[in-house]
Amino acid sequence: MIFQENATLKQKLEILSDAAKYDVACTSSGVERKGKKGQIGNTMACGICHAFSSDGRCISLLKILFTNECIYNCKYCINRCTNDIPRATFTPEEVCTLTIEFYRRNYIEGLFLSSGIVESPDYTMELICKTLHDLRRLYRFNGYIHCKAVPGASKELIETAGWYADRMSINLELPTARGLQEMAPNKSRKTILTPMRQIQNGMAESRAMLGMKGGNQSAYWYTQKRTGRTLPGAEIAAIGAKNLFASSIEEKSTEKNSVSKQEITSNTTTALSQWNHMDTSRGFVPSGQSTQMIIGATGESDYEIMAVTEALYQKFDLKRVFYSAFINVNHDTTLPALDGQPPLRREHRLYQADFLLRYYGFRADELLTEKRPFFNTYLDPKCDWALSHLEHFPVEVNTADLDTLLRVPGIGTKSASRIVKARQSGSLDYQALKAIGVVMKRAIYFITCNGRMMYQFLKIDEDYITRNLLENDKDVMKDFGEKVTYKQLTLFEDMGMG
């Protein structure tokens, strides 16, 4: 282990920005906040900068670890304690300086801050909290901050970070407790789910007190509400929040942000015990929380992964679940052997299925079953589902409801809404559907317009449709992975401009 005790700020940045590249959960959507007089930065959606690596991962331009030192020995992690790699640790002042100076140079609009665990979870989380406090209070930074919560840290420190950050995340690491015990014996599912539940409860209470200015509910929640499904798991926090603030809200229901700070702190059951000491204008974790799991390091099937994902959305009201294709960075013989490349195609299908859960109203047990536990990597999950349920097709686009349209391959959320709105003015034909944005090369096998298919020779037959879909999409993911080097760009890498 090589400690960079006298490293310069630039040297630390080289080490700790490179160490952060394996964390994929770095999106910044879900919150908008305009600039304020006397403060620096904003969180306008168009101002958040991202870079995309060659393998599709989303990388924030200032995406760093606070430290890559770690007391744990997770088999899959490049920063595990037994690895002989350069180590560095920022100070809170250094992270603040980097963030402000990068922002002033228009390199970034926000900060993604994760960390290894140095000395103890509480010690590490305390340093992160000081960093966030100084950024917000001393440097007056009003931009986007995504902060990783350290599993095992105290409730007080998790809450403190939640008042300063826009989004928080706790990595689930692996889909099952069995896999976690096998690959990360120093971690437990309880230390991961406990802060996840705490953040959920805090967001629910913040919503009750401040409206939507604190813990935006996820797309999954809205989709289930639209389809009329109940989410008993997700209601746990909401019910607690309603009970906690019911009397105050009923008395002052017409007043915005009516619950006083004294009412909050007087109740010892609240998850937001530090209300009196914090700036509530942002709310508590206003952009929601997310998590990440590594795919392919252990033997879980796609069915198990999607079941876990669905449970996380239902019971913890997560904004996003991210999937990271396993890369054997440690070349450990106890880890799965790969055929020269990470399972990126599998990761891609899981992301597509995740969108079907969050926006399209699908359930995990509709997409896969125990008897059919893996996705077809040659077809997207929606096409694969449609081919397995041809009894539901063709769909008449001029009469079908929104949820039925959303199940048609080639029709997305925007185009389905446009169809419902456009047909109020008259009947739609295939030319109109194309103008609306329907992907006709997939949709034509599953729809009719005024009782007619687009071409008379089209058949509702699984083999026929599959052959045509694969023929039409033969260039999709062609040579995917063969030309990928899996080397992610760093802030200091020269790029040849052609």
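Here's a quick rundown of the structure. (Residues numbered from 1 in each chain as written. Predicted model: local features only at pLDDT ≥ 70, side-chain atom pairs only at ≥ 80, totals over all residues. Heavy atoms only, no water.)

Quick look at the environment of Asp429
Inference 1: By secondary structure assignment, the location of Asp429 is in the loop between α15 (413–422) and α16 (430–436).
Inference 2: Among the polar contacts listed, one links the side chain of Asp429 to the backbone nitrogen of Ala432, at a separation of 2.8 Å. (Helix = DSSP H or I, 4+ residues; strand = E, 2+ residues; numbered from the N terminus. Polar contact = N/O pair within 3.5 Å; in protein donor to acceptor, adjacent residues only side chain to side chain.)

Quick word on helix α7 (residues 219–226)
Inference 1: For α7, the set of buried residues is Ala219, Tyr220, Trp221, Thr223 and Gln224.
Inference 2: In the stretch just after α7, Gly228 is the one whose phi turns positive, near 80 degrees. (Buried < 20%, exposed > 50% of the residue type's maximum accessible area, 1.4 Å probe, protein only.)

Re the packing of aromatic side chains
Inference 1: Here the structure, examined in full by the defined rule, presents 13 aromatic pairs.
Inference 2: The interplanar angle of 80 degrees and the centroid separation of 5.1 Å between the aromatic rings of Tyr323 and Tyr351 together place this pair among those described as edge-to-face. Here Tyr351 lies in helix α11 (residues 344–359) and Tyr323 lies in strand β10 (residues 320–325), a separation of 28 residues in the sequence.
Inference 3: Exposure remark for Tyr323: the relative accessible area of 0% places this residue in the buried category.
Inference 4: Summarising the aromatic geometry, the rings of Tyr445 and Tyr464 are spaced 6.4 Å apart at their centres and angled 75 degrees between planes, so their arrangement reads as edge-to-face. Pair noted here: Tyr445 is in the loop between α17 (440–443) and β12 (447–448) and Tyr464 is in helix α18 (residues 462–472), with a separation of 19 residues, a long-range link. Of the two residues, Tyr445 and Tyr464, both sit in the buried class.
Inference 5: Ring-pair connections join several aromatic residues into one group, and the members of that group are Phe362, Trp385, Phe393, Tyr445, Phe446 and Tyr464.
Inference 6: Here the basic side chain of Arg407 rests over the ring of Trp385, its NZ or CZ set 5.2 Å away from the ring centre. (Phe/Tyr/Trp six-rings, centres within 6.5 Å; stacked < 30°, edge-to-face > 60°. Lys NZ or Arg CZ within 6 Å of the ring centre and 35° of its normal.)

Focus on unusual backbone geometry
Inference 1: Each neighbour pair has its own omega, and for Phe393 with Pro394 the value is 0 degrees, a cis peptide bond.
Inference 2: Mapped onto the elements, Pro394 comes out in the loop between α13 (381–388) and β11 (395–396).
Inference 3: The phi dihedral of Glu119 is positive, around 70 degrees, even though this residue is not glycine.
Inference 4: Looking at the element boundaries, Glu119 is found in the loop between β6 (110–114) and α3 (121–138).
Inference 5: A relative accessible area of 57% means that Glu119 is categorised as exposed.
Inference 6: Positioned with a positive phi, Arg140 is a non-glycine residue whose angle comes to about 60 degrees.

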